[in-house]
Amino acid sequence: MEILKAILFGIVEGITEWLPISSTGHMILLDEFIKLDVSHEFYELFEVVIQLGAILAVVILYFKEIWPWGFGKTKEDTKETYNLWLKIIVACIPAAVIGILLDDFLDTYLYNGFVVAIALIVYGILFIIMEEKQIGKRTTRSLNTITFKQALYVGCFQVLALIPGTSRSGSTIIGGLVSGLDRKTIADFTFILAIPVMAGASLLKLLKYIKNVGFTFTSSELTILGVGCLVAFLVSLYVIKFLITYIRKHDFKVFGWYRIILGIIVLLYFGYKYILIK
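Residues numbered from 1 in each chain as written. Predicted model: local features only at pLDDT ≥ 70, side-chain atom pairs only at ≥ 80, totals over all residues. Heavy atoms only, no water.

1. Looking at the nonpolar core
Next, step 1: Within the largest apolar cluster, 63 residues are counted, with the highest numbers of intra-cluster contacts made by Phe9, Trp18, Phe42, Phe46, Tyr62, Phe189 and Phe191.
Next, step 2: With 12 residues, helix α11 (residues 219-246) is the largest single contributor of residues to this core.
Next, step 3: Leaving out residues up to four positions away in the same chain, Phe9 has contacts with Met27, Leu30, Asp31, Ile34, Leu36, Tyr43, Phe46 and Ile50. (Core = buried A, V, L, I, M, F, W, Y, C linked by side-chain atoms within 4.5 Å. Buried < 20%, exposed > 50% of the residue type's maximum accessible area, 1.4 Å probe, protein only. Helix = DSSP H or I, 4+ residues; strand = E, 2+ residues; numbered from the N terminus. Contact = heavy atoms within 4.5 Å.)

Next up, the structure:
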């Protein structure tokens with residue numbers, strides 16, 4: 001039964017990590033109804049480290065873009081790849097600094113259904129407004145033409161994703177559109193940006209787990225973690241390809257409406273639950 005639950009968590013992670021609908025928000029909601037039979041400390045580790053499977057999908061799909069050598073690349077191409085990584089580092093800095101400083105605060109005060117619901121609704125509205133008003137020039141059409149200023153701008157928006165329900169991809173996509181990137185380019189940049197961000201978050205959670213519990217895992221926990229990562233990897237391969245194909249012909253409004261509807265449902269559910277407790 002726990003393996004089946006891990007598979008479900010992996011599917012949800014693989015879908016929601018890349019679509020701008022908030023993976024953390026969905027994981028919090030999934031845990032509300034389907035709880036893994038593990039310790040609280042291990043679950044906190046699991047819901048973050050499971051992202052490593054999703055990261056591996058990005059590495060495979062974008063290996064040509066992120067690897068400086070081979071693939072018939074010239075010296076100029078290699079230089080552009082190095083520049084891309086420098087821009088990724090610049091975009092990582094704001095969220096890395098704020099995330100490390102406020103990690104415990106965020107875990108304690110913001111990881112709840114009400115925060116998720118409000119964030120889902122607010123950013124859903126923002127997506128619809130962004131697309132309806134066509135905010136942003138959207139003249140940057142390739143990874144190589146992204147400027148360091150645009151990368152930093154995207155990175156600042158990524159800080160907002162520290163609030164559960166906001167969506168890391170959603171925040172960076174909004175930041176990218178505002179700063180002048182087109183949909184395909186900001187989606188590509190968002191996926192690659194996830195590699196160091198999510199790897200860093202996983203490392204931080206692992207270190208916290210080791211500090212509190214020690215480097216000890218049961219065979220059941222390792223199985224759950226492995227299954228979750230594998231399923232997240234396989235689902236991510238499909239979802240990333242789907243989103244890139246989808247946004248070539250469509251905008252992000254459908255995700256905005258989804259967020260609003262889900263946010264209202266979540267708000268009603270947790271409101272009802274709060275009334276029952278009172």
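There's plenty left to go through after this.
2. Observations concerning the packing of helix α7 (residues 113-133) against helix α9 (residues 168-179)
Next, step 1: One way to put it is that α7 packs onto α9 with a least axis distance of 11 Å and a crossing angle of 25°. Our classification of the angle between α7 and α9 gives roughly parallel. Like other packed secondary-structure pairs, α7 and α9 cross with a definite hand, here left-handed. Residues Tyr123, Leu126, Phe127, Met130 and Glu131 of α7 form the contact with α9, whose participating residues are Gly170, Ser171, Ile173, Ile174, Leu177 and Val178. (Axes fitted to C-alpha atoms, helices over the stretch in contact; angles between N-to-C directions. Parallel < 35°, antiparallel > 145°, perpendicular 65-115°, else oblique. Left-handed = near helix turned anticlockwise from the far one by under 90°.)

3. Comments concerning a nonpolar patch on the surface
Next, step 1: A surface patch of nonpolar side chains, about 950 Å² in accessible area, is lined by Leu86, Ile89, Ile93, Val97, Ile98, Leu101, Leu102, Phe105, Tyr109 and Phe148.
Next, step 2: Per-element tally for the nonpolar patch: the top contributor is helix α6 (residues 75-109), with nine residues.
Next, step 3: With relative accessibility at 66%, the residue Leu101 sits in the exposed group. (Patch = residues over 30% accessible without salt bridge, like charges linked within 9 Å, V, L, I, M, F, W, Y side chains within 5 Å. Areas by Shrake-Rupley, 256 points an atom, 1.4 Å probe, with all protein chains shown as cover. Salt bridge = Lys/Arg side-chain N within 4 Å of Asp/Glu carboxyl O.)

4. Structural notes on the pattern of salt bridges
Next, step 1: Throughout the structure, instances matching the rule amount to nine salt bridges.
Next, step 2: Linking Glu131 and Arg138 is a salt bridge whose minimum nitrogen-to-oxygen distance equals 3.1 Å. Like Glu131, the residue Arg138 is buried in the burial classification.
Next, step 3: In this structure, Lys253 and Asp251 form a salt bridge, with 3.7 Å as the shortest nitrogen-oxygen distance.
Next, step 4: For Lys253, a relative accessible area of 24% gives the class partly exposed.
Next, step 5: Linked through salt bridges whose partners overlap, the residues forming this network are Glu131, Arg138 and Arg183.

5. Points about the side chain of Glu131
Next, step 1: Tracing the sequence through the fold places Glu131 in helix α7.
Next, step 2: Polar side-chain contacts of Glu131 include one of 2.9 Å to the side chain of Arg183.
Next, step 3: Glu131 has contacts with Arg138, Leu177, Arg183, Asp251, Phe252 and Lys253, leaving out every residue within four places of it along the chain. (Polar contact = N/O pair within 3.5 Å; in protein donor to acceptor, adjacent residues only side chain to side chain.)

6. Things to note about the packing of helix α3 (residues 40-49) against helix α4 (residues 51-61)
Next, step 1: At a closest axis distance of 5 Å, the pairing of α3 and α4 adopts a crossing angle of 10°. What the angle tells us is that α3 and α4 run roughly parallel. Residue-level inspection shows Glu47, Val48 and Val49 of α3 in contact with α4, the latter providing Gln51, Leu52 and Gly53.
Next, step 2: Considered class by class, the residues forming the contact of α3 with α4 number three nonpolar, two polar and one charged. (Nonpolar A, V, L, I, M, F, W, Y, C, P; charged D, E, K, R; others polar.)

7. A look at the packing of aromatic side chains
Next, step 1: The full count for this structure, using the stated rule, is 23 aromatic pairs.
Next, step 2: Arranged with centres 6.0 Å apart and planes meeting at 75°, the rings of Phe9 and Tyr43 form a pair that is edge-to-face. Pair noted here: Phe9 is in helix α1 (residues 2-16) and Tyr43 is in helix α3, with a separation of 34 residues, a long-range link.
Next, step 3: Phe9 sits in the buried class, given a relative accessible area of 0%.
Next, step 4: Given the relative accessible area of 9%, Tyr43 is considered buried.
Next, step 5: Following the ring pairs from residue to residue traces out a cluster consisting of Phe9, Phe42, Tyr43, Phe46, Tyr209, Phe215 and Phe217.
Next, step 6: Geometry around Phe148 places Lys87 over its ring, the cationic atom sitting 5.8 Å from the centre. (Phe/Tyr/Trp six-rings, centres within 6.5 Å; stacked < 30°, edge-to-face > 60°. Lys NZ or Arg CZ within 6 Å of the ring centre and 35° of its normal.)

8. So, the confidence of the model for the protein chain
Next, step 1: Averaged over every residue, the pLDDT of the protein chain is 90; the share at 70 or more is 100%.
Next, step 2: Mean pLDDT per element in the protein chain: helix α2 (residues 23-33) is the minimum at 84, and helix α8 (residues 148-158) is the maximum at 95. (pLDDT = per-residue confidence, 0-100.)

9. Description of the side chain of Thr185
Next, step 1: Locating Thr185 in the fold gives a position in helix α10 (residues 183-212).
Next, step 2: Owing to a relative accessible area of 2%, Thr185 belongs among the buried residues under this scheme.
Next, step 3: A distance of 3.2 Å separates the side chain of Thr185 from the backbone nitrogen of Ser142, its partner in a polar contact.
Next, step 4: In this view, Thr185 contacts Thr140, Arg141, Ser142, Leu143 and Ile146; residues no more than four positions away in its chain are not counted.

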